[in-house]
Amino acid sequence: MGDLAVGARSGQGPEEQPERSDDAASPAVTDQGPADGDGAEAAAGDGGESKQQKKPRSFWKELPLLIGIALVLALLIKTFLVQAFSIPSASMENTLKIGDRVLVDKLTPWFGSKPERGEVIVFHDPDGWLEGEPTSDPNAVQQVLSWIGLMPSADEKDLIKRVIGVGGDTVECNGTGPLKVNGKALNEPYVYPGNTPCTADNGGGTFKVKVPAGKVWVMGDHRQDSMDSRYHQSDKNSGFVPVDNVVGRAIVVAWPPTHWSTLPVPDTFDQSGINAAASAAPGALGLAGAVPLVLWRRRKINKSLTEGNTGVSATGTAG
């Protein structure tokens, strides 16, 4: 019986122990299994969403957008700020050489800025100045890039010269020079070496003109190789360039790097007395205003003297 008891206990022990172990473990595994699985799936899900949110867009998908933004910016810059122009001729040597590329300020004209003496300007052909001149034939791609502003202007109807006189100025050349503005001789170190400021010819090299309001008189720095205002005095503008035709002022030579330079106004245009025409205007206006006052005072004085003399004469006669 002891053996049976022991045996029974020992038999029940192994049978009950696994059952309790299985019963205890199964729910734990069953409970934890799904929980662990759900947690793993949730973590995997969060991680997947996070990775999808942080993953950058493909470069090739963003490239069209970047190109579009660049083109719009280039067009805005070319339209409102600066534009590049290529120099096609030798008319501005040695200041500008063939093939140089200049940047033209197009911003200040929007604020009412007008061309001033000594500035190098780009302007649209006033009246057939380029007629008969050889022109390039840009392809469609070059024309589009030029229109956008990614290439220098391909418009062959633009010219570049130096402003010599503005509205109200008197500009004259006699013989070979010097060139004079409002009676002041210009010292022109920018003129092409070996050239004379003026040209003694019958085509327009010697002249005396008064610049109308709203126009400018322009000349190339290569005086003996520039068909400028001098040689177009028979056109509809008498050789003058309307201010409305001016694209802007060339401010810097940007290409090639070896030619890089700014294009300031030469000191000769700042000399004393060159603005004589402008400074005379206020004096003329003051004189015009003073004349009526002087005449009025003289009339009053004469009237007073006349009345006084009449009274004395009458008294004398009466006496």
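All figures in this text were calculated on a predicted structure; none of them were measured in a lab.

**Comments concerning the overall build of the protein chain**
Here comes step 1: Of regular secondary structure, the protein chain possesses four helices and twelve strands.
Here comes step 2: Taken across its 319 residues, the protein chain has 29% of its residues classed as buried.
Here comes step 3: Considering only contacts in the protein chain between residues 6 or more positions apart, those separated by 24 or more positions represent 73%.

**Here we look at the confidence of the model for the protein chain**
Here comes step 1: Mean pLDDT over the protein chain works out to 75, with 61% of the residues at or above the 70 mark.
Here comes step 2: Every residue in residues 277-294 is under pLDDT 50, and counting partners more than four places away or in other chains gives two contacts.
Here comes step 3: Contacts for the low-pLDDT stretch residues 303-319, under 50 throughout, to residues beyond four places or in other chains number zero contacts.

**Digging into the pattern of salt bridges**
Here comes step 1: For the structure shown, the criterion picks out five salt bridges.
Here comes step 2: The salt bridge involving D169 is made with R117; its shortest N-O contact spans 2.6 Å. Of this pair, D169 sits in the loop between strand 4 (158-165) and strand 5 (170-173) while R117 sits in the loop between strand 2 (101-105) and strand 3 (120-124), placing them 52 residues apart in sequence.
Here comes step 3: Using a relative accessible area of 14% as the deciding quantity, one classes R117 as buried.

**Concerning the sheet that holds strand 8 (residues 207-210)**
Here comes step 1: As summarised here, the arrangement of the four strands in space is 7-6-5-8, forming an open sheet in which the pairing is antiparallel. Of all strands in the sheet, those bounded by a partner on one side alone are strand 7 (184-185) and strand 8.
Here comes step 2: Looking at chain direction, strand 6 (residues 180-181) and strand 7 are connected through two bridges and run antiparallel. Paired with V181 across the bridge in strand 7 is K184.

**A few points about a nonpolar patch on the surface**
Here comes step 1: Together, L65, I69, V72, L73, L76, I77, L81, V82, L107, W110, F111 and I251 give the surface a local cluster of nonpolar side chains, amounting to about 1,100 Å² of exposed area.
Here comes step 2: Here the nonpolar patch takes six residues from helix 2 (residues 59-80), the largest share from any one element.
Here comes step 3: You can call L81 partly exposed: its relative accessible area is 38%.

**Some remarks on the side chain of E188**
Here comes step 1: Here E188 lies in the loop between strand 7 and strand 8.
Here comes step 2: Side-chain polar atoms of E188 contact the side chain of Y190, separated by 2.7 Å.
Here comes step 3: Setting aside its immediate chain neighbours within four residues, E188 contacts I164, L179, P197 and R223.

**Section: the nonpolar core**
The nonpolar side chains of a soluble globular protein tend to be buried with one another.
Here comes step 1: With 17 residues, the main nonpolar core has I164, V171, L179, F207 and W217 as its most contacted residues.
Here comes step 2: Those elements giving two or more residues to this core turn out to be strand 5, strand 8 and strand 9 (215-219).
Here comes step 3: Membership of the second largest hydrophobic core comes to 13 residues, among which are I87, L96, V122 and V253.

**Focus on the state of the cysteines**
Here comes step 1: By the definition in use, this model includes one disulfide.
Here comes step 2: Shown here is the disulfide that connects C173 with C198, its sulfur atoms set 1.7 Å apart. Judged by the sign of its S-S torsion, about -65 degrees, the bond between C173 and C198 is left-handed. Taken as a pair, C173 in strand 5 and C198 in the loop between strand 7 and strand 8 lie far apart in primary sequence, 25 residues in all. Across this residue pair, the class does not change: C173 and C198 are buried.

**Considerations on the packing of aromatic side chains**
What characterises a pair of aromatic rings is the spacing of the ring centres plus the angle enclosed by the ring planes.
Here comes step 1: Applying the stated criterion to the full structure yields four aromatic pairs.
Here comes step 2: Arranged with centres 5.8 Å apart and planes meeting at 85 degrees, the rings of F123 and W129 form a pair that is edge-to-face.
Here comes step 3: For F123, a relative accessible area of 0% gives the class buried.
Here comes step 4: In this structure, R162 is placed above the aromatic ring of Y190, and the distance from its NZ or CZ to the ring centre is 4.1 Å.

**Description of the pairing of strand 11 (residues 246-255)**
Side-chain positions along a regular strand alternate between the two faces of the sheet.
Here comes step 1: Pairing geometry for strand 2 and strand 11, over five bridges, is antiparallel. Note that in strand 11 the partner of V104 across the bridge is A250.
Here comes step 2: Bridge analysis of strand 3 against strand 11 gives three bridges, and the strand direction is antiparallel. Bridging from a neighbouring strand, I121 pairs with R249 of strand 11.
Here comes step 3: Sheet analysis places strand 11 next to strand 12 (residues 261-262), joined by two bridges and oriented antiparallel. Opposite V252, over in strand 12, you have T262 as the bridge partner.
Here comes step 4: The loop that links strand 11 with its antiparallel partner strand 12 comprises five residues.

Cut-offs used in this document
- Residues numbered from 1 in each chain as written.
- Predicted model: local features only at pLDDT ≥ 70, side-chain atom pairs only at ≥ 80, totals over all residues.
- Heavy atoms only, no water.
- Helix = DSSP H or I, 4+ residues; strand = E, 2+ residues; numbered from the N terminus.
- Buried < 20%, exposed > 50% of the residue type's maximum accessible area, 1.4 Å probe, protein only.
- Contact = heavy atoms within 4.5 Å.
- pLDDT = per-residue confidence, 0-100.
- Salt bridge = Lys/Arg side-chain N within 4 Å of Asp/Glu carboxyl O.
- Pairing = 2+ DSSP bridges.
- Patch = residues over 30% accessible without salt bridge, like charges linked within 9 Å, V, L, I, M, F, W, Y side chains within 5 Å.
- Areas by Shrake-Rupley, 256 points an atom, 1.4 Å probe, with all protein chains shown as cover.
- Polar contact = N/O pair within 3.5 Å; in protein donor to acceptor, adjacent residues only side chain to side chain.
- Core = buried A, V, L, I, M, F, W, Y, C linked by side-chain atoms within 4.5 Å.
- Disulfide = S-S within 2.5 Å.
- Phe/Tyr/Trp six-rings, centres within 6.5 Å; stacked < 30°, edge-to-face > 60°.
- Lys NZ or Arg CZ within 6 Å of the ring centre and 35° of its normal.

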